[in-house]
Amino acid sequence: MEQMKIHLRNRRIAFWVVFALFIVAATAFGIMLAEYEKSKKNKETTPVEPATVFVLENAAEQAASFKGEHSTVQVETILGWQYITLSYPGGFSLSVRNEYPKERVESDDILSAFIRNGGEIRKLHNDVTPESIFKLALQEPVTMEDYQYLFFGNGDGTYGFINMITLDEAVSVDPKTVAASYFTTAAKEDETVSVKVAGAEYTFRSGTPYVSFEGFQISDENHLLVISTPVCLAKGEYIGYLDGTIVPSGDHFAMINSKFGAYVGLDYEDPGSTKIIEPAAEPIDNPIVLTGASSGRYYLPRFANVPFHSYDWNNLVIKDNGFRELRDDEGNVISRMGIDLSHHNNDKGEIDWNQVKEAGIEFAMIRCGYRGVTQGSVEKDRFELDNIRGAASVGIDIGLYFYTQAITEAEAIEEAQFCLERIKEYQAYGAEIKLPIVIDTELYETKSTARGNLLTRAERTKCLQAFCKVIEEAGFTPMVYASTRWSILNYDRDALSKYPFWFAYYGEKVTYRFDFDIWQYTSSGTVPGIKGDVDLDIMLTYPAMKEQQN
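(A) Representation of a negative patch on the surface in the model. A contiguous patch of negative charge, built from Glu350, Asp352, Glu358 and Asp386, is present on the exposed surface. As for its placement among the helices and strands, Glu350 is situated in the loop between helix H5 (343–346) and helix H6 (353–358).

(B) Focus on the side chain of Asn453. In this structure, Asn453 sits in the loop between strand S29 (437–440) and helix H9 (457–473). The buried category is assigned to Asn453, whose relative accessible area is 10%. In this structure the side chain of Asn453 is engaged in a polar contact, spanning 3.1 Å, whose partner is the backbone oxygen of Lys447. Dropping the residues within four chain positions of it, Asn453 is found in contact with Pro271, Glu442, Leu443, Tyr444, Lys447, Ser448 and Arg460.

(C) Layout of the environment of Phe501. Here Phe501 is to be found in strand S31 (residues 501–504). Along the primary structure Phe501 and Ile518 are separated by 17 residues, whereas in three dimensions their C-alpha atoms are 6.8 Å apart. Those residues in contact with Phe501 that sit more than four places away from it in its chain are Met479, Val480, Tyr481, Ala482, Ser487, Tyr491, Arg493, Tyr512, Asp515, Phe516, Asp517 and Ile518.

(D) Geometry of the environment of Ile388. Mapped onto the elements of the fold, Ile388 is located in helix H7 (residues 384–393). For Ile388, a relative accessible area of 2% puts it in the buried group. Expressed as a C-alpha distance, the spacing of Ile388 and Cys368, which sit 20 residues apart in the sequence, is 9.0 Å. Once residues lying within four places of it in the same chain are set aside, the contact partners of Ile388 are Ile366, Ile398, Leu400, Tyr426, Ala431 and Ile433.

(E) Just the nonpolar core, in detail. Formed by 106 residues in total, the largest nonpolar core has its most connected members in Ile339, Phe516 and Trp519. Setting aside anything within four residues of it in sequence, one finds Ile339 in contact with Trp353, Val356, Ile361, Phe363, Ala364, Met365, Val527, Ile530, Val534, Asp535, Leu536 and Asp537. The next biggest cluster of nonpolar side chains, apart from the first, holds 24 residues, and it includes Val73, Leu94, Leu136 and Leu150.

(F) Summary view of the pattern of salt bridges. Counted according to the given criterion, the structure contains 20 salt bridges. The residue Lys424 makes a salt bridge to Glu421 at a minimum N-O spacing of 3.4 Å. Note that Lys424 and Glu421 are positioned in helix H8 (residues 409–428) at a spacing of three residues, about one turn of the helix. Residue Glu421 is classed as partly exposed on the basis of its relative accessible area of 47%. What you see here is one network of salt bridges that share partners, running through Glu120, Arg122 and Asp168.

(G) Layout of the packing of aromatic side chains. Evaluated as defined, the whole model comprises 31 aromatic pairs. Judged by centre distance (5.1 Å) and plane angle (90°), the ring pair of Phe161 and Phe253 falls under edge-to-face. Of the two residues, Phe161 is situated in strand S10 (residues 159–163) and Phe253 in strand S19 (residues 252–263); the sequence distance between them amounts to 92 residues. Note on accessibility: Phe161 and Phe253 belong to one class, buried. On the numbers, 5.1 Å between centres and 80° between planes, the contact of Tyr268 with Tyr298 is edge-to-face. Of the two residues, Tyr268 sits in the loop between S19 and strand S20 (276–277) while Tyr298 sits in strand S22 (residues 297–300), which places them 30 residues apart along the sequence. Classification of Tyr268 by relative accessible area gives buried; the value is 11%. Given a relative accessible area of 6%, Tyr298 falls into the buried group. Members of the aromatic cluster, each reached through a chain of ring pairs, are Phe303, Phe308, Tyr311, Trp313, Phe501, Phe503, Tyr505, Tyr512, Phe514, Phe516, Trp519 and Tyr521. When the ring centre of Phe308 is taken as reference, the NZ or CZ atom of Arg302 above it lies at 4.4 Å. Seen from the ring of Tyr429, Arg389 lies directly overhead, with NZ or CZ sitting 4.0 Å from the centre.

(H) Representation of the pairing of strand S26 (residues 363–371) within the structure. S26 sits mainly inside the fold: eight of its nine residues count as buried. Where strand S25 (residues 336–341) and S26 come together, four bridges link them in parallel fashion. Note that in S26 the partner of Asp340 across the bridge is Met365. Pairing geometry for S26 and strand S28 (residues 397–403), over seven bridges, is parallel. Pairing of Arg367 across the sheet is with Tyr401, part of S28. Bridge count for S26 against strand S27 (residues 378–380) is three bridges, and the pairing is antiparallel. Along S27, the bridge assignment pairs Arg371 with Val378. Taken together, S26 and the strand that follows it, S27, pair antiparallel across an intervening segment of six residues, in which Gly376 is found at a positive phi of about 85°.

Quick notes on the rules
- Here the residue numbering is sequential within each chain, running from 1 through the sequence in written order.
- With the structure being a predicted model, the display of local features is reserved for residues of pLDDT at least 70 and the display and counting of side-chain atom pairs for 80 or more, all residues being used for whole-chain, interface and lining totals.
- Computation of side-chain values: all heavy atoms of the structure, hydrogens and water removed.
- Patch rule: a residue counts if its relative accessible area is over 30% and it has no salt bridge; like charges are joined within 9 Å, and nonpolar side chains (Val, Leu, Ile, Met, Phe, Trp, Tyr) within 5 Å.
- Here the Shrake-Rupley method, with its probe set to 1.4 Å, supplies the accessible areas, and only the displayed protein chains count as covering residues.
- Salt-bridge detection follows one rule: a side-chain nitrogen of Lys or Arg within 4 Å of a carboxyl oxygen of Asp or Glu.
- For the purpose of counting charges, residues Lys and Arg are taken to be positive, whereas Asp and Glu are taken to be negative. His and the chain ends are not included.
- Where a charge lies is defined by one atom per residue type: Lys uses NZ, Arg uses CZ, Asp uses CG and Glu uses CD.
- Each helix is a run of DSSP H or I of at least 4 residues and each strand a run of E of at least 2, with the numbering of both proceeding from the N terminus.
- The buried label applies to any residue whose accessible area, calculated with a 1.4 Å probe on protein chains only, is under 20% of its type's maximum; exposed applies above 50%, and partly exposed to all values in between.
- Each polar contact in these results corresponds to two N or O atoms within 3.5 Å; when the atoms are within protein, one needs to be able to donate a hydrogen and the other to accept it, and residues that are neighboring in sequence are counted only if both atoms are side-chain atoms.
- Working rule for contacts: check all heavy atoms of both residues, and any pair within 4.5 Å makes them a contact.
- Only buried Ala, Val, Leu, Ile, Met, Phe, Trp, Tyr and Cys residues count toward a nonpolar core, and they belong to the same one when joined by side-chain atoms within 4.5 Å.
- To pair, rings of Phe, Tyr and Trp, with the six-membered ring standing in for Trp, must have centres within 6.5 Å; the planes then decide the type, stacked if under 30 degrees apart, edge-to-face if over 60, and tilted in the middle.
- When the NZ atom of lysine or the CZ atom of arginine is within 6 Å of a ring's centre and also within 35 degrees of its normal, the charge is said to sit over that ring.
- The rule for pairing is simple: two strands pair if DSSP sees at least two bridges between them.

In structure tokens:
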């Protein structure tokens, strides 16, 4: 009996244990179920984060709307990743990876960008980003020596490029380094420095044998790297200005269309000068540009009192016989055709002035005299009277010129008075002098010690002023004759700006920007009635065309 009671008690205990375990299990299950439902609910309301990210989220939309003239942009899947591909006709394409794992690591750069040309594929080392693809696509590649190149900035002043044919690359090109490579500098014993560039050599008064650039500017014009910069020897020592274009050339870079102009003072051509250039304190703004000796170029301060001309050379007509006409926008001729003569023309044969007139010559500038280049005596031109009479007989307007070698103001006054005396004799023959009286100042090339060659700029200017003043006071219009270089470096045009200017320049494209009134454009012209070569001129402005008041 007692054993049975123990058995029943054990069974009750077991029951309650089992029941307790059941309650615990049920409770745990309820909790798990609740958590499951909660988790399920959260999954339904919270979006799942993607496994990848895109550099450009809207690359597909941009590619679809892109309209390039020669290039195309598309989004494509390569090796399971999204790439943006820029393509050009001929097979070249550039692909940049736009999609990366969410947890991107630095080592994840396998084929982050590559280039293709036909079947050849190479990894791209230049740092071209998805963002830059569309900007790059708007630009056209440049063709150099039958090769096409893509240029792009690296953001640090350097540039990268890709050869679209060979797929060769340059990752970092510094335009300053390329520009500096075109200069060779060397210190000299006299504490000057020699600078060689663009086929010319200059000597500057400075002991710093290196070049640097201040204000260096570069622009990416259709994938051409165009540079523009002042050039210095040291801070504050400006020696000139350089511009040019940097392009690939084989496996290196070259500069094409390079132009260097050395800053020089307006008295640089004075005789006795050591040809040492003083560096400028600051860059020259809006300079006059001259081509110098040995292919050198000079940049000089512009004239203060001489205005720019307004001639439209698009309206310059060159006729079959070599004569020239300047016309207005309606096609009306606004110039006059002329010649200038000395005994050199008469020595070749007698001049038939009727033929000269019939050919279309309207005026003649006739040499009345000259001063000797060594002894300095004043002489008449041997055929001055013949030429004056001939031109007057057929109604060709006449002006005079005198070839000066004056080295003092007194000599210049003597030359002007000589011209006025000759005019009296011409008038006795019924010839009117309707056009200016010109002082011809120029370099005597066959004798370096010629009197006029040795003047300084200031001395020559005073002589020209003295001549012009005498002519003006006599009631005639004085004029100065000179070439481009001579009119800028060898006398002060500002000081004579009120007088008309006869400009000597042999060519078709006039780069001289300053005003002039008569243009002598060739010394080898042909005119019926004159044997041999003859100087041809066109008269452009009224001051040189008005009749003199005697």
